[in-house]
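Structure assessment
What follows is the residue order along each chain.
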Amino acid sequence: MDIYRRYGPALVCKATRLLGNRDDALDVVQSLFTDLFERGVIHGTAGVPGTDAELPYLYRALTNRCLTMLRDRTTRARLLQRETPALRPVVRTRCDDHALGQDLLLKLVDRLDDQTLEVLVYRYWDDLDQTEIASVMGVSRKTVVRRMAVLRTELVALGAMSADAASRDAAGDSGHE
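What counts, and at which threshold
Residues numbered from 1 in each chain as written. Predicted model: local features only at pLDDT ≥ 70, side-chain atom pairs only at ≥ 80, totals over all residues. Heavy atoms only, no water. Helix = DSSP H or I, 4+ residues; strand = E, 2+ residues; numbered from the N terminus. Buried < 20%, exposed > 50% of the residue type's maximum accessible area, 1.4 Å probe, protein only. Areas by Shrake-Rupley, 256 points an atom, 1.4 Å probe, with all protein chains shown as cover. Axes fitted to C-alpha atoms, helices over the stretch in contact; angles between N-to-C directions. Parallel < 35°, antiparallel > 145°, perpendicular 65-115°, else oblique. Contact = heavy atoms within 4.5 Å. pLDDT = per-residue confidence, 0-100.

So, the overall build of the chain
Scanning the chain for helices and strands turns up 8 helices and 0 strands. Along the chain, from the amino end to the carboxyl end, the secondary structure elements read α-α-α-α-α-α-α-α. The buried share of the chain, reckoned over its 177 residues, is 36%. Accessible area for the chain stands at about 10100 Å²; split by element, carbon and sulfur atoms hold 53% of it.

Structure below.
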């Protein structure tokens, strides 16, 4: 499939950054394309029919699948800890930004709704601005600003962002409206 050759490598890179594991990333990308092909969304080389926006469509679908996989991981880990306390996994801490970022994402998976998690990924992993986030998600920029406010509140509560940084970030939001 041309669409897989065209977008697959970029989607695998994105999934690897989110999931922290290339094998899981390859699985989720393959699963995405297989499901889209089976549902008739992808027809041979035509890509997503009737649109010029194949990449944003795939990008959003992949992000949601990765967030679901992360949510499933945290659910399984919680069940394992509750059911078999003696078998709790040893937590290893790495100091590189990527590991800390993924750790933060795992903490937020249960605290935020799916759309706010999407905003988190697009803003802090993919470095998209609010207008780009709104375009990818198909929502207004105002909606993104509101979700950013919820996100900042959670980041401050977890100690991942200082109150001063949150205020500066919020001032930047209102400066663009």
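Now that the structure has been shown, the text picks up again.
Things to note about the packing of helix α6 (residues 130-137) against helix α7 (residues 141-157)
When two helices pack together, their arrangement is given by the angle between their axes and by how far apart the axes lie. One can describe the packing of α6 onto α7 by two numbers: an axis separation of 8 Å at closest approach and a directional angle of 110°. Here α6 is positioned roughly perpendicular relative to α7, judged by the angle of their axes. Of α7, the residues touching α6 (which contributes Q130, T131, I133 and A134) are R141, V144 and V145.

A short note on the packing of helix α5 (residues 114-125) against α7
Interhelical geometry of α5 versus α7 gives an angle of 85° and a closest axis separation of 9 Å. Our classification of the angle between α5 and α7 gives roughly perpendicular. Here Q115, T116, V119, L120, R123 and Y124 of α5 come into contact with α7, specifically with V144, R147, M148, V150, L151 and L155.

Let's talk about the confidence of the model for the chain
For the chain, per-residue confidence averages 76 on the pLDDT scale, and 74% of positions sit at 70 or higher. Mean pLDDT per element in the chain: helix α4 (residues 97-109) is the minimum at 66, and α7 is the maximum at 91. Low pLDDT (under 50) marks residues 83-100, which in the prediction has 11 contacts with non-local residues, meaning those over four places away or in another chain.

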